Amino acid sequence: MVTNKSIALFLFFVFVTLYISYWASKRTRTRAEFYSAGGKISGFQNGMAIAGDFMSAASFLGITGLMYSFGYDGLIFAAGAVVGWPLMMILFAERLHNLGTYNFSDVLALRLEETRARLSASTSSIVIVILYLIAQMVGAGKLIELLFGLPYEYALAIVAALSITYVSVGGMLATTWVQIIKAGLLLLAVAIMAFLVLYQFDFDFAQLFTVAATRHAKGDAILMPGGLFKDQVQVVTILVSMAFGTLGLPHILMRLFTVPDTRESLKSAFFASGIISLFFVFLVIIGFGSIALLLAQPELFTDNGTIIGGPNMVPIHLAGIVGGDWLIGFVSAVAFATILAVVSGLLVAGSAAVSHDIYARIVHTGTSNREKELRITRITTISLGIISILLGKAFQHHNVAAIAALPMVVAASTNFPVLILALYWRNLTTRGAIMGAAAGLVSSVVLIVIGPGVWQKIFGFPEALFPYDYPGLFTVPVAFVTCWIISTTDRSARAEQDRCGYAELVVKAESD
Amino acid sequence: MPDDKSIHETIRARNRIRLIMSLAILFCYFGFSFGWSSLHDLFGSGIDQQAVPVGIFLFFGLVGMFLLFEIVYLIMLYRIPSLNSELQTGRQDGH
């Protein structure tokens, strides 16, 4: 799979991004510059960076692979990926920006008792970041092994080393520009591929889908629901997990603080939504295009009929078919760049949770020295990078899809309920928020562990105790109900303070 | 919170828009998943008619609807006076 062109393009990307890190390091002196790029990113740039954070290799390779294998049902994941953005713009963009400084913990700390709120928010953020890192690193290792022929361990080390460099040298500014470049490249790659696929069918959608249905073993069934999901609850629980999980991802929420004002924050979410929507529309064309075009190429299949490299390699094969060596090189380099950029974004969010929330605000109660805090940030970044290599190695032979479900479900069941209630419900108390987040965290981890992805595929039991991989439909209500019950029955002095402070918070949240 | 009726009204109006738009988005989102099977029963996959399959068409429509909702939200939001101007007026009036 490896070509000189892909290696050359990848090295060029690395060179450019390392130069950006050096450039950003000259402009990153203060805490605000490190965590939120000094609030100087424009709405469009931030929209691109948010889109870059979300358009991961899992989306590009994984969802295309699902559409190739199962047809229409792969669209459920695409629909789940686009719905979070309009909700982010409507519910969070203004209020979060006006209330927070560096991350969403600042918002909870303003509304609730600071130490407990920050501890709870930073714990869930670190858990989500680590789970997300595992999924990214395992995917990265396997992908790079296949694309570039590098040993799995080397691939992990390269991804971690480059991401640590971007973050620890250039902070949020470097990470943002790496994301912007990567998002632009990825969007260009999928746009070229979609154009070339449609070109093969004279830009006739009907012809594309007809050929796809004719060539796929399942025939017309690939255009109907039921290829992957057997019951409606399975679909809805994925939709719930993905929609609300997006609204609870710490590395995404953190980006709402990198713009100068509310107007730019709204613009960020709007542009992110548009770019992500466009990306998934292109993916639909690529997904069905891969069915129509790859199945006519017997040399791409092994003796037992599976595509070389597995379904995740479908977009790479398609690039070769429609665009030749240059496009395959470009798409492979972009896939690698995608992983680097997403891991960098995660490292910023994880290091901010440790150094800003735990070290600076809880341990030193806001009196920490700036240099020392930034040093802790860099140490945390390096530590998280090393942890991600170790976990990537430990989970090497495990099911990536099951691991990838975890961060979305945990984010939907911990951060999202607490954040939305903190912003819009007067009666939320510190105790209610912490218990709600804990209930969401425990229930989501337990249900995922006893679900098919872990219980059957990792532990090897014949039957799962819980039938769904994405338990968001059950765990999100658990978190909301716990927040509601504990908050409404909380008669403590702190609870009164929490309720009284809400009105003032709302005015602050609505004023730029 | 400043005891000012117009500030209450502004916040309430903004929250009303947020609630309506969020419910509309969630309705379309879950409707897409629940409704597609029924639509398929009504219209077929669309492949026989040499048209874009209904499910794919619905997905493109869903994405377009989301973007439309966002534009509508922004228009509605900018029609409400911002809280900054309300607070400014309040200050000038001596509140």
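Everything quoted here is computed from the prediction, not taken from an experiment.

Next up on the list: the overall build of chain A. Of regular secondary structure, chain A possesses 20 helices and 0 strands. Radius of gyration (C-alpha) of chain A: 22 Å, near the 24 Å computed for a compact globule of 512 residues. By its C-alpha atoms, chain A is 70 × 50 × 40 Å across when sized along the principal axes. A buried classification covers 62% of the 512 residues belonging to chain A. Across chain A, every contact between residues at least 6 apart in sequence was considered, and the portion connecting residues at least 24 apart equals 83%. Carbon and sulfur atoms make up 66% of the accessible area of chain A, which amounts to about 17,100 Å² in all. Mean positive and mean negative side-chain charge positions of chain A (31 and 29 charges, respectively) differ by 9 Å.

A separate point is the overall build of chain B. When helices and strands are tallied, chain B shows 3 helices and 0 strands. Starting at the N terminus, the α and β elements of chain B follow one another as α-α-α. Counting across all 95 residues of chain B, residues that qualify as buried make up 42%. Summarising the internal contacts of chain B: among those between residues at least 6 apart in sequence, 69% fall at separations of at least 24. Carbon together with sulfur atoms contributes 65% to the accessible area of chain B, which is approximately 5,300 Å² in total.

Our focus in this paragraph is the nonpolar core. Counting 205 residues, the largest nonpolar core has Phe92(A), Leu96(A), Phe244(A), Phe280(A) and Phe288(A) as its most contacted members. Setting aside its immediate chain neighbours within four residues, Phe288(A) contacts Met67(A), Gly71(A), Tyr72(A), Leu208(A), Phe209(A), Ala212(A), Ile222(A), Leu223(A) and Ile56(B).

Attention now goes to the packing of aromatic side chains. Aromatic ring pairs: the centre-centre distance and the angle between the two ring planes describe each pair. One pass over the structure, following the stated rule, counts 26 aromatic pairs over all chains. Arranged with centres 6.3 Å apart and planes meeting at 45°, the rings of Tyr19(A) and Tyr22(A) form a pair that is tilted. Placement of both Tyr19(A) and Tyr22(A) in helix H1 (residues 4-25) is noted, with a separation of 3 residues, approximately one turn of the helix. Summarising the aromatic geometry, the rings of Phe59(B) and Phe60(B) are spaced 6.2 Å apart at their centres and angled 55° between planes, so their arrangement reads as tilted.

All buried positions along helix H9 (residues 205-215) of chain A are accounted for by Ala206(A), Leu208(A), Phe209(A), Val211(A), Ala212(A) and Ala213(A). Of the surrounding elements, those touching the buried residues of H9(A) are helix H8 (152-200) and helix H12 (262-294) of chain A together with helix H2 (54-79) of chain B. At the N-terminal boundary of H9(A), the capping side chain belongs to Asp204(A), with an oxygen 3.1 Å from the backbone nitrogen of Ala206(A).

Let's shift gears to the interface of chain B and chain A. Taken together, the 43 residues of chain B in the interface contact 50 residues of chain A. The junction of chain B with chain A conceals about 4,100 Å² of combined surface from both sides, 75% of it contributed by carbon and sulfur atoms. Residue Arg18(B) is joined to Glu510(A) by a salt bridge in which the shortest nitrogen-to-oxygen separation is 2.8 Å. At the boundary of chain B and chain A, one finds 11 residue pairs in polar contact (both at pLDDT 80 or more).

On to the pattern of salt bridges, then. The final tally for this structure, using the stated rule, is 18 salt bridges over all chains. A salt bridge links Arg14(B) to Glu94(A); the nearest nitrogen and oxygen atoms lie 2.9 Å apart. Of this pair, Arg14(B) sits in helix H1 (residues 5-43) while Glu94(A) sits in helix H5 (residues 74-99), which puts the two residues in different chains. A single salt-bridge network, built from bridges that share partners, covers Glu94(A), Arg95(A), Glu510(A), Arg14(B) and Arg18(B).

All right, on to helix H17 (residues 430-449) of chain A then. Note on helix geometry: an α-helix contains 3.6 residues per turn, so any two residues three or four positions apart are oriented the same way. With 20 residues, H17(A) extends 29 Å between its outermost C-alpha atoms, agreeing within 8% with the 28 Å of an ideal straight helix rising 1.5 Å per residue. Residues of H17(A) that are buried include every one of Thr430(A), Gly432(A), Ala433(A), Gly436(A), Ala437(A), Ala439(A), Gly440(A), Ser443(A), Ser444(A), Leu447(A) and Ile448(A), and no others.

We now examine a nonpolar patch on the surface. All names here are of chain A. Residues Phe195, Tyr199 and Phe203 make up a contiguous nonpolar surface patch of roughly 360 Å² in combined accessible area. With respect to the secondary-structure elements, Phe203 resides in the loop between H8 and H9. Exposure remark for Phe203: the relative accessible area of 44% places this residue in the partly exposed category.

Criteria and cut-off values
Residues numbered from 1 in each chain as written. Chains lettered and ligands numbered in written order. Predicted model: local features only at pLDDT ≥ 70, side-chain atom pairs only at ≥ 80, totals over all residues. Heavy atoms only, no water. Helix = DSSP H or I, 4+ residues; strand = E, 2+ residues; numbered from the N terminus. Rg over C-alpha atoms; globule rule 2.2 N^0.38 Å. Buried < 20%, exposed > 50% of the residue type's maximum accessible area, 1.4 Å probe, protein only. Contact = heavy atoms within 4.5 Å. Areas by Shrake-Rupley, 256 points an atom, 1.4 Å probe, with all protein chains shown as cover. Lys, Arg positive; Asp, Glu negative; His and termini not counted. Charge placed at Lys NZ, Arg CZ, Asp CG, Glu CD. Core = buried A, V, L, I, M, F, W, Y, C linked by side-chain atoms within 4.5 Å. Phe/Tyr/Trp six-rings, centres within 6.5 Å; stacked < 30°, edge-to-face > 60°. Polar contact = N/O pair within 3.5 Å; in protein donor to acceptor, adjacent residues only side chain to side chain. Buried area = accessible area lost by both parts, 1.4 Å probe. Salt bridge = Lys/Arg side-chain N within 4 Å of Asp/Glu carboxyl O. Expected span 1.5 Å × (residues − 1). Patch = residues over 30% accessible without salt bridge, like charges linked within 9 Å, V, L, I, M, F, W, Y side chains within 5 Å.

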